[in-house]
Amino acid sequence: MERTFLAIKPDGVQRGLAGEIIRRFETKGFTLVGLKFLKPSRELAEQHYAVHRQRPFFAGLVEFITSGPVVAMVWEGDGVIAAARKMIGATNPLTAEPGTIRGDLGINIGRNIIHGSDAPETAKNEISLWFKEEELVSWQPHLTPWLHE
């Protein structure tokens, strides 16, 4: 079963959107296998955004993600990475499609509510960065046979 990392950013937490976002992934049929509520350290933020280290917006990303609490999650399911990216929508909420999280709830590119892994390798790295293996719970909801062949 494929896994992905999602994080509700400080703006999403401050606006009380965590429940709505979690509901969307549960309703879609994905399984929550890891959940943390934390204020990321600067070190964690810099590691998470390391791919952007040389970009002019790197410092702003780190500053923002460490500015308040984050809901870090690991979700599991068939095609969860691609599906989550579609559900999240375009990076800029102004161009994100209606029906997506960013399209429905986002304000601007600097306050776009949620992060989601963009590929299997990224998901693997981000999950191991934010979670220890023993913090993840493998389980099968009773609905699974009704959702997957």
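Residues numbered from 1 in each chain as written. Predicted model: local features only at pLDDT ≥ 70, side-chain atom pairs only at ≥ 80, totals over all residues. Heavy atoms only, no water.

## As for the UniProt feature "active site" (unreviewed entry) in the protein
Moving on, step 1. Cross-referencing UniProt, the feature "active site" (unreviewed entry) maps to H115 in the present numbering.
Moving on, step 2. Along the chain, H115 falls in strand β4 (residues 114-116).
Moving on, step 3. Judged by relative accessible area, which is 15%, H115 ranks as buried.
Moving on, step 4. Beyond its immediate chain neighbours, meaning those up to four positions away, H115 contacts F5, L6, A7, K9, H48, I88, R102 and E126. (UniProt positions renumbered as here; feature names shortened; annotations may be inferred. Helix = DSSP H or I, 4+ residues; strand = E, 2+ residues; numbered from the N terminus. Buried < 20%, exposed > 50% of the residue type's maximum accessible area, 1.4 Å probe, protein only. Contact = heavy atoms within 4.5 Å.)

## Side note on unusual backbone geometry
Moving on, step 1. A positive phi is found at I113, a non-glycine position, where the angle reads about 75 degrees.
Moving on, step 2. By the element assignment, I113 lies in the loop between α6 (101-105) and β4.

## Some words on the layout of surface pockets
Moving on, step 1. Looking at the largest pocket, its volume works out to about 580 Å³.
Moving on, step 2. What lines the largest pocket is a set of 22 residues, and nearest its centre among them are K9, Y49, H52, L61 and T91.
Moving on, step 3. Those elements that place two or more of their residues in the lining of the largest pocket are α4 (58-65), β4 and α7 (120-130).
Moving on, step 4. Per-element accounting of the lining of the largest pocket gives the leading share, 4 residues, to α4.
Moving on, step 5. In this structure, the second largest pocket occupies an estimated 280 Å³ of space.
Moving on, step 6. Taken together, 17 residues form the lining of the second largest pocket, with G29, F30, T31, P141 and L147 sitting closest to its centre.
Moving on, step 7. Those elements giving two or more residues to the lining of the second largest pocket turn out to be α2 (18-28), β2 (31-38), β3 (70-76) and α8 (144-147).
Moving on, step 8. A breakdown of the residues in the lining of the second largest pocket according to their chemical character gives 8 nonpolar, 7 polar and 2 charged. (1 Å grid on protein atoms, 1.4 Å probe; cavity = no way out; pocket = protein on both sides within 12 Å on 5 of 7 lines; lining within 4 Å. Points joined across faces, edges and corners; volume = space filled by probe spheres on them. Nonpolar A, V, L, I, M, F, W, Y, C, P; charged D, E, K, R; others polar.)

## Remarks on the sheet that holds strand β1 (residues 3-8)
Moving on, step 1. Taken together, 4 strands build an open sheet; the order of strands is β2-β3-β1-β4 and the sheet is antiparallel. Strand pairing shows two members of the sheet lacking a second neighbour, β2 and β4, which therefore form its edges. Mean inter-strand twist for the sheet, computed between neighbouring axes without regard to direction, equals 15 degrees.
Moving on, step 2. Of the pairings in the sheet, the one linking β1 to β3 comprises 6 bridges and is antiparallel in character. For F5, the partnering residue across the bridge sits in β3 and is V74.
Moving on, step 3. On top of the sheet, helix α5 (residues 80-88) reaches β1, β3 and β4; it is set at about 25 degrees to β1, its chief contact.
Moving on, step 4. Of the strands in this sheet, β1, β2, β3 and β4 are in contact with α7, which crosses β1 at around 60 degrees. (Pairing = 2+ DSSP bridges. Axes fitted to C-alpha atoms, helices over the stretch in contact; angles between N-to-C directions.)

## Section: a nonpolar patch on the surface
Moving on, step 1. A contiguous nonpolar patch, built from L143, W146 and L147 and spanning about 410 Å² of accessible area, is present on the exposed surface.
Moving on, step 2. Checked against the element boundaries, W146 lands in helix α8.
Moving on, step 3. Note on W146: relative accessible area 74%, which makes it exposed. (Patch = residues over 30% accessible without salt bridge, like charges linked within 9 Å, V, L, I, M, F, W, Y side chains within 5 Å. Areas by Shrake-Rupley, 256 points an atom, 1.4 Å probe, with all protein chains shown as cover. Salt bridge = Lys/Arg side-chain N within 4 Å of Asp/Glu carboxyl O.)

## Considerations on the packing of aromatic side chains
Moving on, step 1. Under the definition given, this model contains 2 aromatic pairs.
Moving on, step 2. Ring centres 5.6 Å apart and planes at 35 degrees place the aromatic pair F25 and W75 in the tilted group. Of the two residues, F25 is situated in helix α2 and W75 in strand β3; the sequence distance between them amounts to 50 residues.
Moving on, step 3. For F25, a relative accessible area of 0% corresponds to the buried category.
Moving on, step 4. Against the face of F131 rests K36, its NZ or CZ located 5.0 Å from the ring centre. (Phe/Tyr/Trp six-rings, centres within 6.5 Å; stacked < 30°, edge-to-face > 60°. Lys NZ or Arg CZ within 6 Å of the ring centre and 35° of its normal.)

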